[in-house]
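Fold and geometry: a report
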Amino acid sequence: MNPFRSPDTDLPLTHALILKAALLTIGYIEENGPISLTPSKALKRYFVAWAAEAFDWPGYTVEYLYAVNKVLNEHDFPPLVILHEVLLSAKLARHFKGTLRLTDLARKLRSEPARLWMLLTTHLLFVVDHSPYTRSDEPLFGNWDIFLNVINIEAQVAVTEERLCAVLYGGEEEEIRHRDFKLTASLYVHVLRPLCWAGLLNEHRTGTGLNRRDFYTKTPLWTAALKLETDRHLQPVTRH
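Starting afresh in each chain, residues are numbered from 1 along the sequence in its written order. Since the coordinates come from a predicted model, pLDDT governs what is reported: local features require at least 70, and pairs of side-chain atoms require 80 or more to be given and counted, while whole-chain, interface and lining totals use all residues. Based on all heavy atoms of the structure, the side-chain values leave hydrogens and waters out of the count.

Under the DSSP-based scheme used, a helix requires at least four consecutive residues in state H or I and a strand at least two consecutive residues in state E, with every element numbered from the N terminus. Secondary-structure assignment places S186 in helix α10 (residues 181–197). Buried, partly exposed and exposed residues are distinguished by accessible area as a fraction of the type maximum, computed with a 1.4 Å probe on protein chains only: under 20%, between the cut-offs, and over 50%, respectively. Judged by its relative accessible area of 6%, S186 falls in the buried class. Any pair of residues with heavy atoms lying within 4.5 Å of one another is described as a contacting pair. Excluding residues that lie within four positions of it along the chain, S186 makes contacts with L140 and V191.

Okay, structure coming up:
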């Protein structure tokens, strides 16, 4: 499936965290040269520290990261781990002689943010394997055609992970909330988090601890960038 509209028109890309981080990284390499890698091919600490501050990633602020880590390695900053993988997968960067270097494609798309966003998002959603970031060995059943079309309907106002799991897999929302942590966590890592990082969904958190609830709403980018089968079933949102 190709759910994207043409990138030739302007897109509201303000919410696209993955695009912001990619552009900052491309700019850093253009200005400072290739980024050094560790023997395990992770980005070295000096760049991780720079990225943590420059990206200003919601949920992974500098204050939060240093509250739980004395120094920052790449694996301590999950958005950077995923970005690194996406850049390689999309052939926007490559490893060469112990460094991360830009490709000609990255340099070309730096001035075409809509096309760059579409390439990044295609790999973030459909190519990169998010399984290593879950605590479950069980695969998440379903495909992106189903996920996107269901979320298109359910997130027209706001939807919780539990509601989406109930629609996708059956069961009662409260039962899922209190018992099926692996399912909601898997849906989050494989589907909801990538959509948020791509700028297609907003995540809203209320409460703390066992009383915490996460709600998801579509951003303006969702409507502008996606063309889905369930669009014809959408009802206009009433705002008071």
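From this point on, the discussion continues.
Moving on to the environment of E229. Positionally, E229 belongs in the segment after α11 (220–225). Every residue in contact with E229, bar those within four places of it in the chain, is listed here: D145 and N149.

Attention now goes to the domain arrangement of the protein. Where a domain begins and ends is set by an automatic assignment or by a domain database. Domain assignment breaks the protein into domain 1 (11–128) and domain 2 (144–233). Its C-alpha centre places domain 1 at a distance of 25 Å from the equivalent point of domain 2. Facing 17 residues of domain 1, the contacting portion of domain 2 comprises 15 residues. Interface area, domain 1 with domain 2, both sides summed: about 1,300 Å², of which 77% is carbon and sulfur. Take the accessible area each of two parts loses on contact, using a 1.4 Å probe, and add the two losses: that sum is the buried area. Sorting the residues of domain 1 by area buried against domain 2 places P12, H15 and L125 first, and these three jointly supply 39% of that buried surface. Criterion for a salt bridge: a side-chain nitrogen of Lys or Arg within 4 Å of a carboxyl oxygen of Asp or Glu. At the boundary of domain 1 and domain 2, one finds 0 salt bridges. For the side of domain 1 that touches domain 2, the elements supplying multiple residues, two or more each, are α1 (17–32), α4 (78–89) and α6 (113–126). Looking at which element gives the most residues to the side of domain 1 that touches domain 2, the answer is α6, with 5 residues.

What tends to happen in soluble globular proteins is that the nonpolar side chains get buried as a cluster. Remark: nonpolar core denotes a set of buried residues (Ala, Val, Leu, Ile, Met, Phe, Trp, Tyr, Cys) joined through side-chain atoms within 4.5 Å. Ranked by size, the top nonpolar core spans 75 residues in total, and within it F77, W117, L195 and L200 carry the most contacts. Among the elements that make up this core, the one with the highest residue count is α10 (9 residues). Sequence-distant contacts of L200, that is, excluding residues within four places in its chain, are made with W117, T121, L125, L195, T217, K218, T219, L221, W222, A225 and L226.

This next bit is on α6. Over its 14 residues, α6 runs 19 Å from end to end, which matches the ideal 20 Å to within 8%, given 1.5 Å per residue. What α6 keeps buried is the set A114, L116, W117, M118, L120, T121, H123, L124 and L125. Elements in contact with the buried residues of α6: α1, α4, α5 (104–109), α7 (144–154), α10 and α11. A helix is expected to reach a length of 1.5 Å times the quantity of its residues less one.

Summed over the entire model, instances satisfying the criterion amount to 9 salt bridges. With a closest N to O distance of 3.0 Å, E203 and R205 form a salt bridge. Exposure remark for E203: the relative accessible area of 27% places this residue in the partly exposed category. R205 gets classed as partly exposed once you look at its relative accessible area, which sits at 49%. It is possible to trace a salt-bridge network through shared partners that takes in E30, D104, R107 and R110.

Our focus in this paragraph is the packing of α4 against α6. If you want to describe how two helices pack, look at the angle between their axes and the distance between the axes. Angles run from 0 to 180 degrees between N-to-C directions of axes, and those axes are lines fitted to C-alpha atoms, restricted for helices to the stretch in contact. Closest axis-to-axis distance for the α4/α6 pair is 9 Å, and the angle between their directions is 110 degrees. The angle between the axes of α4 and α6 places the two elements in the roughly perpendicular class. In the crossing of α4 with α6, the sense of the turn from one axis to the other is right-handed. Of the residues in α6, those in contact with I82, V86, L87 and S89 of α4 are L120, H123 and L124. As a working rule, the residues Ala, Val, Leu, Ile, Met, Phe, Trp, Tyr, Cys and Pro are called nonpolar, Asp, Glu, Lys and Arg charged, and the rest polar, with Gly in that last group. For the contact of α4 with α6, the per-class residue count stands at 5 nonpolar, 2 polar and no charged. The labels follow the angle: roughly parallel below 35 degrees, roughly antiparallel above 145, roughly perpendicular from 65 to 115, and oblique for the rest. Crossings are sorted by hand: turned counterclockwise from the far helix by less than a right angle, the near helix makes the crossing left-handed, and turned clockwise it makes it right-handed.

Here we take up the pairing of strand β6 (residues 213–218). For a regular strand, the rule is simple: side chains alternate between the two faces of the sheet. Where burial is concerned, most of β6 is hidden: 5 out of the 6 residues are buried. Strand pairing requires that DSSP identify at least two bridges connecting the strands. In the sheet, strand β4 (residues 159–160) pairs with β6 via 2 bridges, with the strands oriented antiparallel. Residue pairing across strands places V159 opposite Y216, the latter belonging to β6. Sheet analysis places strand β5 (residues 201–206) next to β6, joined by 6 bridges and oriented antiparallel.

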